[in-house]
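The chain contents come next:
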Amino acid sequence: MSDNPYGASFGGQMSASASFGSPAAATDGHIKETTTANFTKDVLEESRKQPVLVDFWAPWCGPCRQLTPVIEKVVNEARGRVKLVKMNIDDHPSIAGQLGIQSIPAVIAFVNGRPADGFMGAVPESQVRQFIDRLGGPAGTDDEAAEIEAILTEADELLSAGNAAEAAQLFGAVLQADPENAKAIAGMSECMIAANQPERARQLLSDLPEALSADAAIQAVSKKLDQIEEARKLGDPVALEDSLARDPDDHESRIRLAKIRNVEGRREEAAEHLLTVMRKDRSYGDDAARRQLLEFFEVWGFKDPATVAARRKLSTMLFS
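Residues numbered from 1 in each chain as written. Predicted model: local features only at pLDDT ≥ 70, side-chain atom pairs only at ≥ 80, totals over all residues. Heavy atoms only, no water.

Enquirer: Hey, could you run me through the overall build of the protein in this one?
Expert: Looking only at helices and strands, the protein features 15 helices and five strands. A burial count over the protein gives 46% of its 320 residues as buried. For the protein, contacts bridging at least 24 residues in sequence account for 64% of all contacts bridging at least 6. (Helix = DSSP H or I, 4+ residues; strand = E, 2+ residues; numbered from the N terminus. Buried < 20%, exposed > 50% of the residue type's maximum accessible area, 1.4 Å probe, protein only. Contact = heavy atoms within 4.5 Å.)

Given below as structure tokens:
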């Protein structure tokens, strides 16, 4: 088994000497390679002028090789609405580690010096184009694709507002038109979870073809279901709170309580418990609190307010 945390998701590594990408791409005006030393200039400062996509990749990563020509093509066609900065995690691992990148390819969009959005995996060109259009504004979109995206956005808003029934109707409408729409499948699963039917959600995901199961949105819901199952075995939250009242340094109880609060939807509280453990003892459980927080981020998504707030606190803790 490989010790490389980025390789595990793809069933092993390619040779580190494998060729990657196009040398000419790095010289394009909209695309460049960066290093740890140049990250602030190339990404944080540049993102104050236009969105900057950071593509975390490695030479051994097969899906990275699939994504490279797709994302470079779409970025070039965007004609400056966004920039693409590529970072080889083998040569420069620290930034990826600090941002919680656990599998590649991973693309994080920076706007005004902050992470704003992102995706993982070798997604299709249509999804890359939609992602860039959301960030930099559309250069002209297909009417049907735009309509589906609008319906998905409305469904997400309904779900976030606690109206799972109406959201499910919209996700279902998208699935009628596009049965393999990963966002709609993930959204429908979230509706089932909100309706306290995690078993139905698990069944829906278990019936998917392997390629669709690997989609980042579906993977996030699957991990959420895992967290729900785990939380059921962690004990009584009242007893855990009593334990912390007696001993605020009972880090194991605090991490358990964070997992329970997360499943209850109390994300800010869950994150704060983990950040507290990190402030008190970063080394506890082999950095267990930080690793757990990164798992929360994967499920919550890049743009969730709890993710944004906790990631800023985490960045301040790591970079200060």
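Next comes the rest of the account.
Enquirer: Just to check I follow, could you spell out the packing of aromatic side chains for this structure?
Expert: The description of an aromatic ring pair uses the distance of the two centres, along with the angle that the planes make with each other. Across all of its chains, the model carries four aromatic pairs by this definition. An angle of 25° between the planes, with centres 5.3 Å apart, marks the rings of F296 and W300 as stacked. In this pair, F296 and W300 are both assigned in helix α14 (residues 288-300), four residues apart and thus about one turn of the helix distant. When its relative accessible area of 0% is taken as the criterion, F296 is described as buried. By relative accessible area, W300 is classed as buried at 7%. (Phe/Tyr/Trp six-rings, centres within 6.5 Å; stacked < 30°, edge-to-face > 60°.)

Enquirer: Just checking my understanding: could you explain the sheet that holds strand β5 (residues 114-120) for this structure?
Expert: Backbone-to-backbone hydrogen bonds join strands into a sheet, with any given pair of strands oriented parallel or antiparallel. Pairing is mixed in the open sheet, where five strands are placed in the order β1-β3-β2-β4-β5. Edge positions in the sheet fall to β1 (31-33) and β5, since each has one partner strand and no second. Taking the axes of each pair of neighbouring strands and ignoring which way they run, one obtains an average angle of 25° across the sheet. Contacts between helix α2 (residues 62-77) and the sheet are confined to β1, β2 (52-57), β3 (83-88), β4 (106-111) and β5, with β2 contributing the most and set at about 165° to the helix. (Pairing = 2+ DSSP bridges. Axes fitted to C-alpha atoms, helices over the stretch in contact; angles between N-to-C directions.)

Enquirer: I keep staring at the state of the cysteines and nothing clicks. Help me out?
Expert: Between two cysteines, a covalent bond joining their sulfur atoms is known as a disulfide. Scanning the model with the defined rule gives one disulfide in all. Between the sulfur atoms of C61 and its disulfide partner C64 the distance amounts to 2.4 Å. Disulfide C61-C64: torsion about the S-S bond near 85°, hence right-handed. Using a relative accessible area of 1% as the deciding quantity, one classes C61 as buried. In this structure C64 comes out as buried when scored by relative accessible area, which is 2%. (Disulfide = S-S within 2.5 Å.)

Enquirer: Can you walk me through the environment of F302 in this structure?
Expert: In this structure, F302 sits in the loop between α14 and α15 (305-319). Note: C-alpha distance between F302 and A109 (193 residues apart in sequence) is 9.5 Å. Leave out the neighbours within four places in its chain, and F302 touches I108, D117, G118, F119, T307, V308 and R311.

Enquirer: How should the nonpolar core be read in this particular structure?
Expert: Nonpolar side chains tend toward joint burial in soluble globular proteins. Counting 27 residues, the largest nonpolar core has F171, I185, C191, L205 and I218 as the members making the most contacts within it. Contributing elements (two or more residues each) for this core: α5 (143-160), α6 (164-177), α7 (182-194), α8 (198-206) and α10 (216-231). The element that contributes the greatest number of residues to this core is α7, accounting for eight residues. Each residue touching I218, except ones within four places of it in the same chain, is listed here: A182, I185, A186, L205, L208, L212 and S213. Listed in part, the 22 residues of the second largest apolar core include I95, L99, I101 and I108. (Core = buried A, V, L, I, M, F, W, Y, C linked by side-chain atoms within 4.5 Å.)

Enquirer: Sorry if this is basic, but what is going on with the pattern of salt bridges here?
Expert: Side-chain pairs of opposite charge can arise whenever the charged atoms involved come near each other. Within the structure shown, the criterion is met by 30 salt bridges. Across the pair R202 and D226 runs a salt bridge, and its minimum N-O distance is 2.8 Å. One end of the pair, R202, is in helix α8; the other, D226, is in helix α10, with 24 residues separating them in the sequence. Exposure remark for R202: the relative accessible area of 25% places this residue in the partly exposed category. Of the charged contacts, one joins R266 and E264 as a salt bridge, the two residues approaching to 3.4 Å between their closest N and O atoms. We classify E264 as partly exposed; its relative accessible area is 41%. Linked by salt bridges that have partners in common, D117, R134, E149, K183 and K303 make up one network. (Salt bridge = Lys/Arg side-chain N within 4 Å of Asp/Glu carboxyl O.)

Enquirer: I tried to follow the environment of L208 on my own but got confused; where do I start?
Expert: Turning to its location among the elements, L208 is positioned in the loop between α8 and α9 (210-213). Ignoring anything within four residues of it in the chain, the contact list for L208 reads I185, S213 and I218.

Enquirer: Explain the packing of α10 against helix α12 (residues 251-263) here, please?
Expert: To characterise two packed helices, one gives the angle between the axes of the helices and the distance between these axes. The N-to-C vectors of α10 and α12 enclose an angle of 125°; their axes lie 9 Å apart at closest approach. Taken together, α10 and α12 sit at an angle that is classed as oblique. In this structure, α10 meets α12 at a crossing whose hand is left-handed. Packed against α10, whose contacting residues are Q227, I228, E230 and A231, the element α12 presents K259, I260, N262 and V263 at the interface. (Parallel < 35°, antiparallel > 145°, perpendicular 65-115°, else oblique. Left-handed = near helix turned anticlockwise from the far one by under 90°.)

Enquirer: I tried to follow the environment of S253 on my own but got confused; where do I start?
Expert: When you line up the elements, S253 lands in helix α12. Measuring from C-alpha to C-alpha, the distance between S253 and S243 comes to 7.1 Å, with ten residues separating the pair along the chain. Excluding anything up to four places from it in sequence, S253 contacts L240, S243 and L244.

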